[in-house]
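Read off the chains here:
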Amino acid sequence: MKVPRLIVSDVDGTLIDGSEHITEDFRRLASMIEEYNIPFTLASGRCYSELERFITSLQVDLPVIANNGTSAYLKGKELWAQHINPLHVKEAIHFADKLDMVIIMCDGVKETAYRHNAYIQNQIDTFQRYNHFHIPLKEEWPHLKLQKLLIIDPQKNGRIDQVIEQLEPYMDDLNVVQYDARSIDIMPKNCTKSSGITKLSNMLGIDATEMMTIGDAKNDIEMVSAAGIGVAVANASNSLKQRADYICKNNNVLGVIEAIEKFYLQHNLQ
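Residues numbered from 1 in each chain as written. Predicted model: local features only at pLDDT ≥ 70, side-chain atom pairs only at ≥ 80, totals over all residues. Heavy atoms only, no water.

As a further point, take the packing of helix α3 (residues 86-98) against helix α5 (residues 160-167). Axis separation between α3 and α5 bottoms out at 8 Å; the angle between their running directions is 155°. Looking at the two axes, α3 sits roughly antiparallel to α5. Crossing geometry of α3 relative to α5 is assigned as right-handed. From α3, H88, V89, A92, F95 and A96 reach across to α5, where they touch Q162, V163, Q166 and L167. A per-class count over the contact of α3 with α5 returns six nonpolar, three polar and no charged. (Axes fitted to C-alpha atoms, helices over the stretch in contact; angles between N-to-C directions. Helix = DSSP H or I, 4+ residues; strand = E, 2+ residues; numbered from the N terminus. Parallel < 35°, antiparallel > 145°, perpendicular 65-115°, else oblique. Left-handed = near helix turned anticlockwise from the far one by under 90°. Contact = heavy atoms within 4.5 Å. Nonpolar A, V, L, I, M, F, W, Y, C, P; charged D, E, K, R; others polar.)

So, in structure tokens, the structure goes:
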């Protein structure tokens, strides 16, 4: 395997665990990146504002892929963006809202909750996010900027399938990723982290085969498969591990450090 010219990591479940804390191990990774000038960036399902603290902590100075590949940013400047036709998801949103599901709309930079509920309040209390709310007026719908839509059912397994049924007439224009029996991400068609990696590859003049990508979840599978070195952290899903070139012995950020030491530092420091 070639020494990677670029290392791209997922965030949630990869760099951080469910607590979302910036740990000492995270800070150790940041020190490694700075000391050895490691070409490192992020590819996440998060919107840009939710990535800023990680970008700052790791001193990332390369383009960052946000919203599962629908957009990319460099130092706050949007490099590309694709959007969902809001009228294609309007009925699904109304249906989910009637079932008291959580609906998070992302315009690329910020996330807005459709309605306040107990789940949203917990997110506000625990992570200080989703504290903006907006139910679009009828005349607003055609003009909404939507890069990604997240729908979560905090109450029952399986009902999310009914939401997906509402999207069926528009599936030719949408990419729907179902993570489990309670949650889905909705993006424009062909928007994935892998498509973002391809655009990043063209932008930087670095072939995907010269990249190492690291992830943990279903929305990382294509990205991990497309790279020259695809890595799954130890806590990754079995479906991702089956597609990875290397499975770390360590969870989360310790797995990221392990992969960087094995495939980048070990060769560059010889």
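More follows now that the structure is in view.
Let's shift gears to helix α9 (residues 252-268). In this model, α9 (17 residues) spans 23 Å end to end at C-alpha, consistent with the 24 Å of a helix rising 1.5 Å per residue. If you look at α9, its biggest bend is around 45°, right at E261. Turning to α9, its buried residues number three or more, namely N252, V253, G255, V256, I257, E258, A259, I260, F263, Y264 and L265. Of the surrounding secondary structure, the elements contacted by the buried residues of α9 are β1 (6-9), α1 (24-36), β2 (40-42), β11 (211-215), β12 (229-232) and β13 (246-247). (Expected span 1.5 Å × (residues − 1). Bend = angle between axes of the 7 residues up to and from the residue. Buried < 20%, exposed > 50% of the residue type's maximum accessible area, 1.4 Å probe, protein only.)

Here the focus is unusual backbone geometry. Even without a glycine there, the phi angle at N68 is positive, about 55°. Assignment of secondary structure puts N68 in the loop between β3 (64-66) and β4 (71-74).

Glancing now at the sheet that holds strand β7 (residues 111-113). With antiparallel pairing, the five strands of this open sheet are ordered in space as β7-β6-β8-β10-β9. The open sheet has two edge strands, β7 and β9 (174-178), and neither has a second partner. Recorded for the sheet is a direction-independent mean angle of 20° between the axes of neighbouring strands. As paired strands, β9 and strand β10 (residues 183-188) are joined by five bridges and run antiparallel to one another. Each residue of the ladder has a partner; that of Q178, found in β10, is I184. (Pairing = 2+ DSSP bridges.)

Within the largest apolar cluster, 42 residues are counted, with the highest numbers of intra-cluster contacts made by L15, L29, F40, L58 and I260. Those elements giving two or more residues to this core turn out to be α1, β2, α2 (48-58), β3, β11, α7 (221-226), β12 and α9. Among the elements that take part in this core, α9 stands out by supplying eight residues, more than any other. In contact with L58, not counting residues within four places along its chain, are L15, F26, L29, A30, I33, F40 and L42. Core analysis: the second largest hydrophobic core is formed by 21 residues, A92, I93, A96 and M105 among them. (Core = buried A, V, L, I, M, F, W, Y, C linked by side-chain atoms within 4.5 Å.)

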